[in-house]
2 protein chains.
Amino acid sequence: MRRVEEKPVARKVADHEVWLSGALTEVDLRYTSAGTAVLLLTLAGEVDQEGFPRPYYLQVKLLKERAERWADRLKRGTAVLARGVLTQYRSEGKTYTGILVRELRLLDPGKVAYSEPDRKGNRREARALNRFLGTGLLVSQPEVRAVKDGHVARARVLFQSGGEEGAVFITLEAWDGAALEVSDLSKGTPIFLEGRLKNDSWTDREGNRRFELRVEASWVKPLARPIREEAQEEENLPPDDLPPDDLPF
Amino acid sequence: MRRVEEKPVARKVADHEVWLSGALTEVDLRYTSAGTAVLLLTLAGEVDQEGFPRPYYLQVKLLKERAERWADRLKRGTAVLARGVLTQYRSEGKTYTGILVRELRLLDPGKVAYSEPDRKGNRREARALNRFLGTGLLVSQPEVRAVKDGHVARARVLFQSGGEEGAVFITLEAWDGAALEVSDLSKGTPIFLEGRLKNDSWTDREGNRRFELRVEASWVKPLARPIREEAQEEENLPPDDLPPDDLPF
């Protein structure tokens, strides 16, 4: 029997995980110019935060065979659970951050709780799952601002997706108690981060509507700097942060 | 250049993840009779649950090069973060369930909060991380019992470790609201489970002290039964649950 030759892939496990559930508001199968299938799904859910439902609408993508296999089985309203990683690429000076699904499951349709319809008539999954966990590197000095109901800290964090796409820079946002913890950290600190993903939007100076996928931290744990072969991995990282484009601050 | 021949390994990503931090109370490097290095670490931590610290002492293991590499760098009191998976093997009629570490990091020693010393003089990490997430299969009918401060539901869940060791059967324990949710599920239901790991102990009928690693669910989400190639994977699973040995009930 002939051996299938596999090209060596420097694939390691991603240093972070995304677990996300929601009801689909959009199911969109596309093909790239090279013929790659891309299935874009928007998951609508809400998580409880101090007794209040916090809604989210997050887009995830599936690629290739997985995209085609799932496209027929999903429709608006279907509730799914996705497990995946962050991905990022740059095009024409802009950075696009997304969620790449590595495993998709259907929730038991008889057991899903839905919200009331939103303005577009879509129902979100109630008590949904929106969990991000990872060990990354703070690549900017945290900035803290006073806002009307407390404090918010923001910083850029570098994660490794484990795939060919490599490095992912993402904005960490922390409020109140978590903001104080983050403000205490300095650029270059490795951290454990747990939080939820959110899609922030704002209007930039040119009046364009902008969107950015961010992690709102529920907590952050500073780690010691890695040594030996872990350090070597770090040396192979890109030397500097991506420009923050035009973040709100 | 000669190609290194690799034997094909049916390795897929594990269907669950363990994220655990704690201060070490034990660092024990051993070698199996075949010469494999095994580093056993006991992590002591406490998580807040409704305002009360809930302590845990959980043993994890590292194997081979990773075991030897870390043995010199760790001592009692060192606080670490471990990411890994469950493992399980049977020996002489008993089932041993453990946590296999795939990534270990040191916490920043200057930022770790410790508890007061316990009876043995060990300090636990305060506000520690003890997170289990996974998609598994309920392989027993949940049993619910009234206990003095509410209800507890227990069931056996099957996870796949993704390594050569394969299937892991573990007891899911759910209290109060989560107990009601679990009691509503039937054997054979695929579930998403989030919770924390705990080491339960009891005395069996022969008077021996017994220990079992369990997951205490914070929530459970029933999934639809998988179809197509996912179903094929399921067909390859062992036909039945492991005997529950002598669980408390």
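Preceding block: the structure.
For clarity, every value in this text was computed on a predicted model and none was experimentally measured. (Residues numbered from 1 in each chain as written. Chains lettered and ligands numbered in written order. Predicted model: local features only at pLDDT ≥ 70, side-chain atom pairs only at ≥ 80, totals over all residues. Heavy atoms only, no water.)

(A) Fine view of the pairing of strand S11 (residues 209–222) of chain B. Residue and element names in this part refer to chain B. By the criterion of burial, S11 is predominantly enclosed, with eleven of the 14 residues buried. Bridge count between strand S9 (residues 167–175) and S11: three bridges; the pairing is parallel. In the strand pairing of S11, Leu 172 is matched with Val 215. Across 13 bridges, the pairing between strand S10 (residues 190–203) and S11 is antiparallel. Pairing of Thr 203 across the sheet is with Arg 209, part of S11. Here S10 folds back onto S11 in antiparallel fashion, the turn holding five residues, of which Gly 207 has a positive phi close to 85°. (Buried < 20%, exposed > 50% of the residue type's maximum accessible area, 1.4 Å probe, protein only. Helix = DSSP H or I, 4+ residues; strand = E, 2+ residues; numbered from the N terminus. Pairing = 2+ DSSP bridges.)

(B) Highlighting the interface of chain A and chain B. Opposite the 46 residues of chain A that make contact, chain B presents 48 residues. Linking chain A to chain B there are six salt bridges. We note a salt bridge from Arg 131 of chain A to Glu 194 of chain B, for which the minimum N-O separation is 2.4 Å. Between chain A and chain B we count twelve residue pairs in polar contact (both at pLDDT 80 or more) in total. Elements that contribute at least two residues to the side of chain A that touches chain B include exactly strand S1 (16–31), helix H1 (64–71), strand S4 (79–91), strand S5 (94–106), strand S6 (130–138), strand S10 (190–203), strand S11 (209–222) and helix H3 (228–235) of chain A. Tallied by class, the residues present in the side of chain A that touches chain B amount to 21 nonpolar, four polar and 21 charged. (Contact = heavy atoms within 4.5 Å. Salt bridge = Lys/Arg side-chain N within 4 Å of Asp/Glu carboxyl O. Polar contact = N/O pair within 3.5 Å; in protein donor to acceptor, adjacent residues only side chain to side chain. Nonpolar A, V, L, I, M, F, W, Y, C, P; charged D, E, K, R; others polar.)

(C) Local environment of the packing of aromatic side chains. Counted under the stated rule, the structure contains eight aromatic pairs over all chains. Ring centres 5.1 Å apart and planes at 70° place the aromatic pair Phe 132 of chain A and Phe 159 of chain A in the edge-to-face group. Here Phe 132 of chain A, found in strand S6, pairs with Phe 159 of chain A, found in strand S8 (residues 150–160); they are 27 residues apart in sequence, far enough to count as distant. Taking 6.1 Å as the distance between ring centres and 75° as the angle between the ring planes, the aromatic pair formed by Phe 192 of chain B and Trp 219 of chain B counts as edge-to-face. Within this pair, whereas Phe 192 of chain B is found in strand S10, its partner Trp 219 of chain B is found in strand S11, the two being separated by 27 residues in sequence. Here Phe 192 of chain B falls in the buried class, since its relative accessible area comes to 0%. Relative accessible area serves as the criterion here: at 17%, Trp 219 of chain B is assigned to the buried category. (Phe/Tyr/Trp six-rings, centres within 6.5 Å; stacked < 30°, edge-to-face > 60°.)

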